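Remarks on the overall topology
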Amino acid sequence: MVDPPAFHFVCRAAALEGAPDGWAAEMLGEGQISLLADQGGLAGIDEVAHALDLSTVSVVRSEPTAEEQEETVMAHAGSLPLVWVGASFGEQAREWAHRRGPMTLLVEAPEGLSGEQRDRIDRFVGLLTRQAE
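Nothing here was measured: the structure is a model prediction, and the numbers come from that model.

Each value, and the rule that gives it
Residues numbered from 1 in each chain as written. Predicted model: local features only at pLDDT ≥ 70, side-chain atom pairs only at ≥ 80, totals over all residues. Heavy atoms only, no water. Salt bridge = Lys/Arg side-chain N within 4 Å of Asp/Glu carboxyl O. Buried < 20%, exposed > 50% of the residue type's maximum accessible area, 1.4 Å probe, protein only. Helix = DSSP H or I, 4+ residues; strand = E, 2+ residues; numbered from the N terminus.

**Digging into the pattern of salt bridges**
Taken as a whole and judged by the stated rule, the model has 2 salt bridges. Arg 61 serves as the salt-bridge partner of Glu 63, at 2.4 Å between the closest nitrogen and oxygen. A relative accessible area of 21% places Glu 63 in the partly exposed class. The exposure class assigned to Arg 61 is exposed, which follows from its relative accessible area of 58%. Notably, a salt bridge pairs Arg 94 with Glu 108, separated by 2.1 Å at the nearest N-O pair. With Arg 94 in helix α4 (residues 91–99) and Glu 108 in strand β5 (residues 104–108), the pair connects residues that are 14 residues apart, well separated along the chain. Residue classification places Glu 108 among the partly exposed residues on the basis of a relative accessible area of 34%.

Here it is in structure tokens:
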């Protein structure tokens, strides 16, 4: 039996471009990735799945507006902690992240994740791991 994930990680496939080899797989050791479609389409999603050696990957449905897309990601998060990488976040998402019970990290990355942003994610995931022990 597979253990349930300790957290969700939601991002566009392009957000992982330029990350060091193995970084995402290591960071996701106890997490589950869900991808948002971007300009790379299915090819970008496939690239991430291959890089992570996953035969399947969750895809969050697209919505016509940024506000509706945020609502869909928020619903997808459920009761698990969340790392959400997006180009930007509206006030609705920021307020939701601040007031929800499970820990939530919003990372604004219009392009790929910078080294500083990856370090921030690693610290957050490390904190989640220590809490679970």
